Amino acid sequence: MLAIVSGDIWADGDEMATFGSAQVPAEASVPSRASTVVTKPAPRHSALIRVTHWITVLCFFALLVTGIEILISHPRFYWGETGTVLTTPLFQLPIPSSRKLVPTGYNYVLPDQNGWSRALHFEAAWIAVLTGLLYVIFGLVTSHFRRDLVPTKADVSWRALLTSFVKALRFQRPSAAEASSYNGLQRLTYLFVIFVLFPLVIWSGLAMSLGFASAFPWSVTLLGGRQSARTIHFFVSVALVLFLFVHVFMVCLAGFWSRTRAMITGRIGTRKEHI
Amino acid sequence: MINLSRRKLIASGLGAAAGASGLAVAARLAQKYGLVPPDHGGIYGLGETLTYASQRLLTRHSLAREFPRSKISPRPFPNELAPLTEEFKRLQARSFADWRLSIDGMVHQPASFSMTDLKSYPSRSHITEIACEEGWSYIAEWIGVPLSHVLKLVGVLPQARYIVYFSMEPNTWDSIDMADALHPQTFLCYGMNGGELPVPHGGPIRMRLPRQIGYKNIKFITRLTVTDSLKAFGKGLGSVAAEYGYAWYTGI
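Peer 1: Explain the overall build of chain B here, please?
Peer 2: Within chain B one finds seven helices and ten strands. Counting over 252 residues, chain B shows a buried share of 43%. Here the analysis covers contacts within chain B between residues at least 6 apart in sequence; of these, 65% occur between residues at least 24 apart.

Following this line, the structure appears as structure tokens:
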């Protein structure tokens, strides 16, 4: 009889770097009191990564919905420090607005949702940032980044990247080996999202806070002004949504249930969909 | 068969207890040091409190960014106004000669000021950006008397914690804590870009807080009340905006 213990928060896959081989952690080979052999394979994703992943998912959707709500109260974007309906925008989204003073070309005004949208946007941002901080500290302490995300030289050869890319474009299912580790393209993408897009969206968001900007004026000036920060915030958010689409698409391609199960329970599925 | 070890159970129990008591202590400390906003209840209370508390710790004395004269927006955008009341129009017809700003509450000497009184005090100006929660913003020169100057004249009692400010517009009032009230850039603002403050921008007098969002910069101020608690004002959330779901603290 085989009982699988879901990994505890701080135990990560170190001792089980070669998942799938016969290697078993020493402690797990000791028979338990109930005289069953308890094997403890390292989870595909450690518990902390699973928990922070799903908190981030919730926050991401809250931020996305409320961000869109806030956006439609002024769907115009500017570059530089200032911008109002009296100045020329960089561009304007062809959508209706929740404010009647914005010239949209639509003859109706959407209901104002900014109050709760702003409140939820900032609350979700707080939770996301604190969760992200926990994740990054954990990733550094447990070598999660070094082991799982930093690619090897071979991973990032043009040939390897191109192969992964072409495979993805052809909607080819990844090989079984890829269920327990990321290829070079995935590694670079995740690193880019975690260490470039997320910091940038947080920074450009904070730069729009008048209080934060008073304490750290360079946070706005470095981005080129308040309205530039807003425009950057928009484009980075668009990039994050594109990442989300590709991410979910790749998960579906690899086997939605097996991959999602791995992110919920930590276990890699062994069903047929996987072969 | 789930193997929930005793060690794990005890560890998570201790962790949860430590977390809960940590939160309780944090809440007590936050309350003591004035880091809890009046609209801290409800599902968004956590976010509102984290924002207010962290910004109070970080920005108590920081100054809003100021700009060179060349950056003043050529066409400042006056946001939508509710129709002006008959009383306002009467005062406007006499160029606001009879406009009064009264101060009451926890002060040594309640007082009432005319626009001429207010303009006789040392006038200050700053070129700062006003930003609407919708997303737009412009830069203007704002001229006025620092709120701290007027508060000094009436003598604020030591237990005061908030200044509530009322507009001539019906059911329009808001409040700020003492950190904002005594901040050097917080003005009772009566001038803009070298001239009088135009009525669409809140003339003859508006509250100007360059470290908070536009809707906190209430127009047509007629009365200030100094208080140690916001419970007795409206629903006790600190502002009319908060009663409509718009945050009381808008440094973000």
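There is more to say after this.
Peer 1: Please clarify how the overall build of chain A should be interpreted in this entry.
Peer 2: Summing up its helical and strand segments, chain A has eight helices and four strands in all. Each helix (α) and strand (β) of chain A, taken in turn from the N terminus, gives the series β-β-α-β-β-α-α-α-α-α-α-α. In chain A, buried positions account for 31% of the 275 residues. In chain A, the proportion of contacts linking residues at least 24 apart, taken out of those at least 6 apart, comes to 63%.

Peer 1: How should helix H2 (residues 114-141) of chain A be read in this particular structure?
Peer 2: Three or four residues apart is the spacing at which side chains of an α-helix point the same way, because the helix has 3.6 residues per turn. Across its 28 residues, H2(A) extends 40 Å between first and last C-alpha, which sits within 8% of the 40 Å expected from 1.5 Å per residue. At the exit of H2(A) stands A:Ser143, carrying a positive phi of roughly 60 degrees.

Peer 1: How should the environment of B:Pro158 be read in this particular structure?
Peer 2: All names here are of chain B. Topologically, Pro-158 is positioned in the loop between helix H5 (147-154) and strand S5 (162-167). Exposure remark for Pro-158: the 6 C-beta atoms within 10 Å place this residue in the exposed category. Sequence separation of Pro-158 and Val-107 is 51 residues, and the distance between their C-alpha atoms is 9.1 Å.

Peer 1: Honestly, the pairing of S5(B) in this entry has me stumped. Any pointers?
Peer 2: Each regular strand displays side chains that alternate between the two surfaces of the sheet. Residues and elements named next belong to chain B. Burial analysis of S5 places six of its six residues in the buried class, which makes it a mostly covered element. The alternating pattern of S5 places Tyr-162, Val-164 and Phe-166 on one face and Ile-163, Tyr-165 and Ser-167 on the opposite face, and all of these are buried. In this sheet, strand S6 (residues 173-177) lies alongside S5 in antiparallel orientation, the contact comprising five bridges. Following the sheet pairing, Ile-163 is matched in S6 by Ile-176. Linking S5 to S6, which pair antiparallel, is a turn of five residues; within it Asn-171 sits at a positive phi near 50 degrees. Two elements, S5 and strand S10 (residues 221-227), share six bridges in a ladder whose sense is antiparallel. Its bridge partner being in S10, Phe-166 is matched across the sheet by Arg-223.

Peer 1: What exactly am I supposed to notice about unusual backbone geometry here?
Peer 2: Residue and element names in this part refer to chain B. In the segment running from Gly-203 into Pro-204, the intervening peptide bond is cis, with an omega of 10 degrees. Mapped onto the elements, Pro-204 comes out in the loop between strand S8 (195-196) and strand S9 (206-208). One non-glycine residue with positive phi stands out, namely Asn-193, at about 50 degrees. By secondary structure assignment, the location of Asn-193 is in the loop between strand S7 (187-192) and S8. Under the C-beta neighbour-count criterion, Asn-193 is labelled buried, with 20 such atoms within 10 Å.

Peer 1: I would appreciate a short explanation of the interface of chain A and chain B in the present structure.
Peer 2: Often the size quoted for an interface is simply the accessible area lost on bringing the parts together. On the side of chain B, 39 residues touch chain A, which itself brings 37 residues to the contact. Put simply, the parts of the chain that give the side of chain A that touches chain B at least two residues each are H2, helix H6 (210-215) and helix H8 (226-264) of chain A. Counting residues per element, the side of chain A that touches chain B draws most heavily on H2(A), at nine residues. Looking at the side of chain A that touches chain B residue by residue, the classes come out as 17 nonpolar, 13 polar and seven charged.

Peer 1: Sorry if this is basic, but what is going on with the sheet that holds strand S1 (residues 100-105) of chain B here?
Peer 2: One key point about sheets: their strands pair by backbone hydrogen bonds, in either a parallel or an antiparallel sense. Residue and element names in this part refer to chain B. Reading across the sheet, the five strands line up as S2-S1-S10-S5-S6 and stay open at both edges, with mixed pairing between neighbours. Two strands lie at the open edges of the sheet, namely strand S2 (111-114) and S6, each paired on one side alone. Strand-to-strand twist of the sheet, defined as the mean angle between neighbouring strand axes without regard to direction, takes the value 20 degrees.

Peer 1: Could you clarify how one ought to interpret the confidence of the model for chain A in this entry?
Peer 2: Caution applies to low-pLDDT parts of the model: their predicted coordinates are not meant to be read in detail. Confidence in the prediction for chain A averages 84 pLDDT; 83% of positions are at 70 or higher. In this model residues 1-35 of chain A is a low-confidence stretch, pLDDT under 50, and it forms 52 contacts with partners more than four residues away in sequence or in other chains.

Peer 1: Honestly, the packing of helix H5 (residues 184-207) of chain A against H8(A) in this entry has me stumped. Any pointers?
Peer 2: Two quantities define a packed helix pair, namely the angle between the helix axes and the distance between the axes. Residues and elements named next belong to chain A. Between H5 and H8, the shortest axis-to-axis distance is 8 Å and the interhelical angle comes to 145 degrees. Both H5 and H8 take part in a crossing whose hand is left-handed. Of the residues in H8, those in contact with Val-193, Leu-197, Leu-200, Val-201, Ser-204, Gly-205 and Ala-207 of H5 are Ala-229, Ile-232, His-233, Val-236, Ser-237, Ala-239, Leu-240 and Phe-243. Counted by class, the contact of H5 with H8 contains eleven nonpolar, four polar and no charged residues.

Peer 1: Whenever I open this one, the confidence of the model for chain B confuses me. Can you help?
Peer 2: This prediction gives chain B a mean pLDDT of 93; 98% of its residues lie at or above 70. Scoring the predicted complex yields pTM 0.86 and, for the interface, ipTM 0.90.

Parameters at a glance
Residues numbered from 1 in each chain as written. Chains lettered and ligands numbered in written order. Predicted model: local features only at pLDDT ≥ 70, side-chain atom pairs only at ≥ 80, totals over all residues. Helix = DSSP H or I, 4+ residues; strand = E, 2+ residues; numbered from the N terminus. Buried ≥ 20, exposed ≤ 12 C-beta atoms within 10 Å, placed from the backbone. Contact = placed C-beta atoms within 7 Å. Expected span 1.5 Å × (residues − 1). Pairing = 2+ DSSP bridges. Nonpolar A, V, L, I, M, F, W, Y, C, P; charged D, E, K, R; others polar. Axes fitted to C-alpha atoms, helices over the stretch in contact; angles between N-to-C directions. pLDDT = per-residue confidence, 0-100. Left-handed = near helix turned anticlockwise from the far one by under 90°.

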